[in-house]
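# Understanding the architecture of this molecule
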Amino acid sequence: MFETLHIITGPTAVGKTAFALEYAEENGAEIVSCDASLVYRGMDIGTAKPSSEELQRVPHHMIDVCRVDTPYNIAQFHAGAQLVVESIRSRGKAVVVTGGSGLYLKSFLAPVVDSVEVDPSVRQSVETLYATAGLEGLLKKLEEVSPQGFGSLDVRNPRRVIRALERCLCSGKSLPELQAEFAARPEPYPGHKKKIIMLERDPDVLKDRIRIRAEKMLQGGLIEEVRELIAAGIEKNPGAASAIGYRETLAYIKGGIERSELIPMIVQNTIHLVKKQRTWFRTQIREPDERITL
């Protein structure tokens, strides 16, 4: 008999937290967050992290698992989430997954990480090559170690070329070989049926919610939170420091923008993120099991 992973997603500010809480209570479930920023301790206001009252209503997982000065990646998330799902199941509870971070969400639906371990010295040498020879130098080296070709690699994306070269160097395999192995990896969470619920709102309503949320964040102490995170080392972690709400506030604190520009910039960047999320949903989740307009 298949167990069900209840996956609730939708664009930023659509209302996932409130909906997931009610849904989890109705279904005797615990919640697994798949938000790339909620994993960091101290990033509370700018992420609209569930409040202490909300966390008490339903057990939450994959929140506050990492220091803000320490990068956290999809491989760590995938491994941690698998253990959490097993633990919830062992207690006889249902599992509700909720969030809007594309790659973290995809880790419940399809393979997202391979088995290649990249040696830090190899990573450093590839970064040095990119710094000195640019994308052209990376592709030349990749051609040497992968003479069979580059397969489906986006050769215009330096980050993806860097990761591909690292994996070829560490595995001793060509890129087509690695891609074929990755394509053959099993679907995650075998034995589980995935029920995907897509939350939606009228675009104008969503824009209003984004603006109101940004205003509440500043009123709630976002600037003070970011000052504390600077002391905690957020600038050592590009992934955390570039999160919407945080990168704009960092720019303000550093004197890059005026206080009056802060809310409009957060709103504009959030709206741009929503457009990217909707594109991702259309290409990666073409037919959710339910669409619910709030």
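Scroll up a little and you will see the structure.
Residues numbered from 1 in each chain as written. Predicted model: local features only at pLDDT ≥ 70, side-chain atom pairs only at ≥ 80, totals over all residues. Heavy atoms only, no water.

### Some thoughts on the packing of aromatic side chains
Taken as a whole, this structure holds 5 aromatic pairs when the rule is applied. Plain terms: the ring middles of phenylalanine 108 and tyrosine 189 are 5.3 Å apart, the flat faces sit at 15° to each other, and that makes the pair stacked. Taken together, the residues span a long stretch of sequence, with phenylalanine 108 in the loop between α4 (102-106) and α5 (120-145) and tyrosine 189 in the loop between α7 (175-183) and β5 (192-200) at a distance of 81 residues. For phenylalanine 108, a relative accessible area of 0% corresponds to the buried category. Judged by centre distance (5.9 Å) and plane angle (80°), the ring pair of tryptophan 280 and phenylalanine 281 falls under edge-to-face. The exposure class of phenylalanine 281 is buried, given its relative accessible area of 7%. Feature note: the residues Phe77, Tyr104, Phe108 and Tyr189 constitute an aromatic cluster, connected by ring pairs. (Phe/Tyr/Trp six-rings, centres within 6.5 Å; stacked < 30°, edge-to-face > 60°. Helix = DSSP H or I, 4+ residues; strand = E, 2+ residues; numbered from the N terminus. Buried < 20%, exposed > 50% of the residue type's maximum accessible area, 1.4 Å probe, protein only.)

### Focus on the nonpolar core
Counting residues in each nonpolar core, the largest one holds 64 residues, and the members touching the most others are Met43, Phe77 and Phe108. With 6 residues, helix α3 (residues 74-90) is the largest single contributor of residues to this core. Setting aside residues no more than four positions away along its own chain, phenylalanine 77 makes contact with Ser33, Cys34, Met62, Tyr72, Tyr104, Ser107 and Phe108. With 13 residues, the next largest nonpolar core counts Val116, Val126, Val161 and Ile162 among its residues. (Core = buried A, V, L, I, M, F, W, Y, C linked by side-chain atoms within 4.5 Å. Contact = heavy atoms within 4.5 Å.)

### A word on the pattern of salt bridges
A full pass over the atoms with the stated rule returns 19 salt bridges. Lysine 49 serves as the salt-bridge partner of aspartate 44, at 2.9 Å between the closest nitrogen and oxygen. Using a relative accessible area of 34% as the deciding quantity, one classes aspartate 44 as partly exposed. Salt-bridge contacts for arginine 67 lead to aspartate 69; the nearest nitrogen and oxygen are separated by 2.6 Å. With relative accessibility at 15%, the residue aspartate 69 sits in the buried group. (Salt bridge = Lys/Arg side-chain N within 4 Å of Asp/Glu carboxyl O.)

### Some points on the packing of helix α8 (residues 203-219) against helix α12 (residues 259-284)
The interhelical angle for the contact between α8 and α12, taken along N-to-C directions, is 140°, at an axis separation of 10 Å. By the criterion of interaxial angle, the relationship of α8 to α12 is oblique. Handedness of the crossing formed by α8 with α12: right-handed. Here Pro203, Leu206, Lys207, Ile210, Arg211, Ala214, Glu215 and Leu218 of α8 come into contact with α12, specifically with Arg259, Leu262, Ile263, Ile266, Val267, Thr270, Ile271, Val274 and Arg278. In terms of residue class, the contact of α8 with α12 is made up of 11 nonpolar, 1 polar and 5 charged. (Axes fitted to C-alpha atoms, helices over the stretch in contact; angles between N-to-C directions. Parallel < 35°, antiparallel > 145°, perpendicular 65-115°, else oblique. Left-handed = near helix turned anticlockwise from the far one by under 90°. Nonpolar A, V, L, I, M, F, W, Y, C, P; charged D, E, K, R; others polar.)

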